[in-house]
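# Fold and contact review
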Amino acid sequence: MTAAESYSELRRRLDAGETTCAQIVADSFDAIQRGSGLNAFLAQLPAEATQRAAEVDARIQAGTAGRLAGMTVALKDNIALKDAQLTCGSKILTGFTSLYSATVVERLQAEDAIIIGKTNMDEFAMGSSNETSFFGPVHHPLDSARVPGGSSGGSGVAVAAGMTCCALGSETGGSVRQPAAFLGVVGVKPTYGRVSRYGLVAFASSLDQISPFARTVHDAALITEVIAGHDPNDTTSSSEPVGSYTNGLDEADVRGMKIGLPREYFIDGMDEAVVARMKELRERLEDAGAEIVEISLPHTNYTIPCYYVIATAEASSNLARFDGARYGYRSPNAETLEEMYELSRTEGFGTEVKRRIMLGTFVLSSGFYDAYYRKAQQVRRLLHRDMVEAFKQVDLILAPTTPTPAFRLGEKTSDPIAMYLSDIFTAAANLTGIPAISFPIGKDANGLPIGAQFMAPHFQEGRMFQGAAWVEQALG
Amino acid sequence: MSQITSNQVQHIMRLAKLRFTPEELEDFTVQFNQIVAYVEQLEQADTEGVMPMTSSLEELNIMRDDVPGPMLSAAEALRNAPKKTEGFFTVPKVIGEVEE
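The following refers to the structure shown. Owing to the predicted nature of the structure, the values given are computational and were not obtained by experimental measurement.

### So, the overall build of chain A
Each helix and strand counted, chain A has 15 helices and 11 strands in total. Scaling as 2.2 N^0.38, a compact globule of 476 residues should have a C-alpha radius of gyration of about 23 Å, and chain A matches this with 21 Å. In chain A, which comprises 476 residues, the share counted as buried stands at 66%. Counted over contacts in chain A with a minimum sequence separation of 6, partners at least 24 positions apart contribute 76%. When the accessible surface of chain A is summed, it comes to about 15200 Å², and 48% of that surface belongs to carbon and sulfur atoms. Computed over 42 positive and 56 negative side-chain charges, the inter-centroid distance for chain A is 3 Å.

### With respect to the pairing of strand β9 (residues 396-400) of chain A
Residue and element names in this part refer to chain A. Counting buried positions along β9 gives 5 out of 5 residues, so the element sits mostly inside the fold. Side chains of β9 alternate between two faces, with Leu-396, Leu-398 and Pro-400 and Ile-397 and Ala-399 buried alike. Pairing geometry for strand β7 (residues 258-262) and β9, over 2 bridges, is parallel. In the sheet register, Gly-260 faces β9, and the bridge partner there is Ile-397.

### Quick word on the environment of Thr-346 of chain A
Relative to the elements of secondary structure, Thr-346 of chain A occurs in helix α10 (residues 337-348). Residue Thr-346 of chain A is classed as buried on the basis of its relative accessible area of 16%. A C-alpha to C-alpha distance of 25 Å links Thr-346 of chain A and Asn-39 of chain A, two positions 307 residues apart in sequence. Dropping the residues within four chain positions of it, Thr-346 of chain A is found in contact with Lys-354 of chain A together with Leu-18 and Arg-19 of chain B.

### Here we look at the pattern of salt bridges
Here the structure, examined in full by the defined rule, presents 24 salt bridges over all chains. Among the ionic pairs, Asp-83 of chain A bridges to Arg-79 of chain B, the shortest N-O distance being 3.1 Å. Taken together, the residues span two chains, with Asp-83 of chain A in the loop between β2 (72-76) and α4 (103-110) and Arg-79 of chain B in the loop between α3 (74-77) and β1 (84-85). The closest approach of N and O atoms between Glu-352 of chain A and Arg-356 of chain A, which form a salt bridge, is 2.7 Å.

### Quick look at the packing of helix α1 (residues 6-15) of chain B against helix α2 (residues 22-39) of chain B
Residues and elements named next belong to chain B. It is at 10 Å that the axes of α1 and α2 come closest, and there the two elements cross at 100°. With respect to α2, the axis of α1 lies roughly perpendicular. Where α1 abuts α2, its residues Ser-6, Val-9, Gln-10 and Met-13 lie against Leu-25, Phe-28, Thr-29 and Phe-32. Taken together, the residues that form the contact of α1 with α2 break down as 5 nonpolar, 3 polar and no charged.

### Quick word on the sheet that holds strand β4 (residues 166-171) of chain A
Residue and element names in this part refer to chain A. Strand order in this open sheet of 11 strands is β1-β3-β2-β4-β6-β5-β10-β11-β9-β7-β8, and the pairing throughout is mixed. Strands at the two margins of the open sheet, each flanked by one partner only, are β1 (41-44) and β8 (291-295). Mean inter-strand twist for the sheet, computed between neighbouring axes without regard to direction, equals 30°. As paired elements, β7 and β8 share 5 bridges and run parallel to each other. Following the sheet pairing, Ile-259 is matched in β8 by Ile-292.

### Re the packing of aromatic side chains
Within this structure, the stated rule accounts for 20 aromatic pairs over all chains. Ring geometry for Phe-322 of chain A and Tyr-327 of chain A: centres 6.0 Å apart, planes at 80°, overall edge-to-face. Residue classification places Phe-322 of chain A among the buried residues on the basis of a relative accessible area of 4%. Measuring from centroid to centroid gives 4.5 Å for Phe-362 of chain A and Phe-368 of chain A, while their planes differ by 40°, and the two rings are tilted. For the pair formed by Phe-362 of chain A and Phe-368 of chain A, the shared burial category is buried. Among the aromatic residues, those joined into a ring-pair cluster are Phe-362, Phe-368 and Tyr-372 of chain A together with Phe-20, Phe-28 and Phe-32 of chain B. Sitting over the ring of Tyr-329 of chain A, Lys-91 of chain A keeps its end group 4.8 Å from the ring centre.

### Quick word on the packing of α4 of chain A against helix α7 (residues 217-227) of chain A
Residues and elements named next belong to chain A. Relative orientation of the contacting elements α4 and α7 amounts to 115°, with a least axis distance of 8 Å. By the angle class used here, α4 and α7 are roughly perpendicular. Where α4 crosses over α7, the handedness of that crossing is right-handed. Across from Val-104, Arg-107 and Leu-108 in α4, the residues of α7 making contact are Ile-223, Val-226 and Ile-227.

### Details of the side chain of Arg-355 of chain A
Tracing the chain through its elements places Arg-355 of chain A in helix α11 (residues 351-364). One polar contact links Arg-355 of chain A to Gln-31 of chain B, side chain to side chain, over a distance of 2.5 Å. Sequence-distant contacts of Arg-355 of chain A, defined by excluding residues within four places in its chain, comprise Pro-416 and Tyr-420 of chain A together with Phe-28, Gln-31 and Ile-35 of chain B.

### Some remarks on the interface of chain A and chain B
Much of the literature gives interface size as the accessible area that the parts lose upon coming together. On the chain B side, the residues contacting the 74 residues of chain A number 57 residues. On the chain A side of the contact with chain B, Leu-99, Met-358 and Arg-381 of chain A bury the most area, a combined 12% of that side's loss. Two residues, Glu-342 of chain A and Arg-19 of chain B, come together in a salt bridge whose shortest N-O distance is 2.6 Å. For the pair chain A and chain B, the interface holds 26 residue pairs in polar contact (both at pLDDT 80 or more). Among the secondary structure elements, those contributing two or more residues to the side of chain A that touches chain B are α9 (303-318), α10, α11, α12 (369-393), α13 (416-420) and α14 (427-432) of chain A. The leading source of residues in the side of chain A that touches chain B is α12 of chain A, at 12 residues.

The rules behind these values
- Residues numbered from 1 in each chain as written.
- Chains lettered and ligands numbered in written order.
- Predicted model: local features only at pLDDT ≥ 70, side-chain atom pairs only at ≥ 80, totals over all residues.
- Heavy atoms only, no water.
- Helix = DSSP H or I, 4+ residues; strand = E, 2+ residues; numbered from the N terminus.
- Rg over C-alpha atoms; globule rule 2.2 N^0.38 Å.
- Buried < 20%, exposed > 50% of the residue type's maximum accessible area, 1.4 Å probe, protein only.
- Contact = heavy atoms within 4.5 Å.
- Areas by Shrake-Rupley, 256 points an atom, 1.4 Å probe, with all protein chains shown as cover.
- Lys, Arg positive; Asp, Glu negative; His and termini not counted.
- Charge placed at Lys NZ, Arg CZ, Asp CG, Glu CD.
- Pairing = 2+ DSSP bridges.
- Salt bridge = Lys/Arg side-chain N within 4 Å of Asp/Glu carboxyl O.
- Axes fitted to C-alpha atoms, helices over the stretch in contact; angles between N-to-C directions.
- Parallel < 35°, antiparallel > 145°, perpendicular 65-115°, else oblique.
- Nonpolar A, V, L, I, M, F, W, Y, C, P; charged D, E, K, R; others polar.
- Phe/Tyr/Trp six-rings, centres within 6.5 Å; stacked < 30°, edge-to-face > 60°.
- Lys NZ or Arg CZ within 6 Å of the ring centre and 35° of its normal.
- Left-handed = near helix turned anticlockwise from the far one by under 90°.
- Polar contact = N/O pair within 3.5 Å; in protein donor to acceptor, adjacent residues only side chain to side chain.
- Buried area = accessible area lost by both parts, 1.4 Å probe.

Structural data, given as structure tokens:
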């Protein structure tokens, strides 16, 4: 029960002595146990979490507890926690244990958050349904025949099913916002460079960003505030000061706010419930005094092709490190060095990862580099310009997070392009680096959640939290 | 639209240090062609004179001071090694294994 509360409420009860971190942690593992069929966790850390809970309880008593005291957090299994496993959902990293903790983990622990485990994910974060994990798919808590979204499906389900207060995932093309929308929780993709990537296993380094899940906008703002900020260990970590994202969220207002609706994000073939909920939201915003402006992001059609060229190119380079020599799986069948490389990779990687390594190798190969990779980087700049132009007219951009609610397991596994298209509304924020937040806006006729997202200009996270907090309060 | 042959896919496979069975290679060539045809939409974008964008971040290479920080010991660095001997990673024999 307690696990399903918001952190704000939990903290009030902790400070009032009505509950303890020990109790919260015990409840958390009970919920994980009850939901074990969802396959959300790859590793649980009950001993560490229980010990930590006792320490934090003592600090609460002493009045010295940090800002996240008693907040349970689950980590996607591509984020390093010292001495814990780090599989990335892949056979090739089974047995690997981290030598250090990610910067975000250290920041969470410094504020007394309690790490409870590592969550399931698409292999190397490559997927939109959590079906490519070597450790089996994650199931949607409301309908086990449906996917939770991906690639951070385990983290999303852990939050949605009340197993943890918050969770960290990672985004490369929408891997937190898309599952957040499918699961009816809040998912935040911070500005590229806002949150340190140190200790996040690289997929596509110019796109990857550690991204939190929470059940309320306030909790999401709080955890983002804690993990954000410059880190000397990441050369792409921005020195831009971090604002207070939680400030004034209770009185969030959209009056006078200019909100852009990009016409390219309202496409044929969209689920009718998505269209209906978006229309209702638009009316609510107008009634509250927001100015809705129809805008155009003219290069939107190129988003997914551009994304798949850049992401796979960077992935093929990043995943070259998995060679069976220094860590991870080494094929027992290799007799020569060359065989060690080829067999370890062939036996260690799953189909989707191989497909993307192949595509990435192809677009970077001699004779094709200019036509694909360089071209995609040029298109990326056009997408960026679209956003910069749009934000000259509006404060926030509003769009559906996904064209449909959660789809069925197996529905898209045989058609890579159909699967890639489930990131159609999310990948632009990753390519252009802007922050975005997905939040629930209602359900379809089957009770499946539907999500919308606000996108904001670079480093304007505060503005999008304000907008999302207003929606949360307005829709109750 | 370029058609990618199974020979080309094999070449990419070797560059990527992967192996496919003949059946996998055949399936893969079909799928690969579909994906490549799909990303070829990019050709239609007018990118005349547009500078390629490698990062969305305006600040680039934000360096830390060149001061030694915490380091891993050799034992820690070898902790995850599939095979090690006396403080070294061990790999199959390299010399005399020249491949084309």
